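Spelled out, the chains give:
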Amino acid sequence: MNKQQTSAFQQQLVDMRAALLAQIAEQRGGVVSRVDVAADHFGHPDETGAQLASERELEFAMGEREISELTAIDAALARLRDGSYGECIDCGAHIATARLQASPEASRCIHCQEKLEHQHPA
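Owing to the predicted nature of the structure, the values given are computational and were not obtained by experimental measurement. (Residues numbered from 1 in each chain as written. Predicted model: local features only at pLDDT ≥ 70, side-chain atom pairs only at ≥ 80, totals over all residues. Heavy atoms only, no water.)

**A short note on the overall build of the protein chain**
A tally of regular secondary structure across the protein chain gives five helices and zero strands. Helices (α) and strands (β) of the protein chain occur, in sequence order from the N terminus, as α-α-α-α-α. Across the 122 residues in the protein chain, those meeting the buried criterion constitute 24%. Within the protein chain, counting contacts between residues at least 6 apart in sequence, those at least 24 apart form 52% of the total. Of the roughly 8300 Å² that the protein chain leaves accessible, carbon and sulfur atoms contribute 55%. (Helix = DSSP H or I, 4+ residues; strand = E, 2+ residues; numbered from the N terminus. Buried < 20%, exposed > 50% of the residue type's maximum accessible area, 1.4 Å probe, protein only. Contact = heavy atoms within 4.5 Å. Areas by Shrake-Rupley, 256 points an atom, 1.4 Å probe, with all protein chains shown as cover.)

**Considerations on the environment of His-94**
In this structure, His-94 sits in the loop between α3 (49-82) and α4 (97-102). In this structure the C-alpha to C-alpha distance between His-94 and Arg-108, which are 14 residues apart in sequence, comes to 8.9 Å. Not counting residues up to four positions away in its chain, the partners in contact with His-94 are Gly-86 and Cys-109.

**Re the nonpolar core**
Membership of the largest hydrophobic core comes to 16 residues, with the highest contact counts inside it found for Leu-13, Tyr-85 and Leu-100. At the level of elements, α1 (3-27) and α3 are the ones that each hand at least two residues to this core. Per-element tally for this core: the top contributor is α3, with five residues. Once residues lying within four places of it in the same chain are set aside, the contact partners of Leu-13 are Ile-73, Ala-76, Leu-77, Leu-80, Tyr-85, Pro-104 and Glu-105. (Core = buried A, V, L, I, M, F, W, Y, C linked by side-chain atoms within 4.5 Å.)

**Observations regarding the side chain of Ser-107**
Its location among the elements puts Ser-107 in the loop between α4 and α5 (110-119). Note on Ser-107: relative accessible area 16%, which makes it buried.

**Re the packing of aromatic side chains**
If you walk through the whole model with that rule in mind, you get one aromatic pair. With 5.5 Å between their ring centres and 50 degrees between their planes, Phe-9 and Tyr-85 make a pair best called tilted. Taken together, the residues span a long stretch of sequence, with Phe-9 in helix α1 and Tyr-85 in the loop between α3 and α4 at a distance of 76 residues. The class of Phe-9 is buried, set by a relative accessible area of 4%. (Phe/Tyr/Trp six-rings, centres within 6.5 Å; stacked < 30°, edge-to-face > 60°.)

**Focus on the confidence of the model for the protein chain**
With 70% of its residues at a pLDDT of at least 70, the protein chain reaches an overall mean of 83. Taking the mean pLDDT of every element in the protein chain, the minimum, 54, falls on helix α2 (residues 34-42) and the maximum, 96, on α4. (pLDDT = per-residue confidence, 0-100.)

Now the structure itself:
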């Protein structure tokens, strides 16, 4: 991978990271504290326990997904810094440029990613 490609992927990852952090801040109320947002969101007396439980589960799932995405982006940025970006973390093979363009945080080649997904179905 040449320096120009590396710089482009780095900028794309930095932009993705900033957008994700902004999304997280917006969902959590921006400058309002998480406690205030939670109190406002979950403090409606007309909601049933089931509604509240469903909303909480959805928010926790969204939070886990965002943390997972942020972790993947940070790991990709670390691989860029250490020079291993574009190499599969499982087999060491080159990750196709088209795959990285579609998903710049990808850490595995298609073959290893498919193998992982078959071992651990969602």
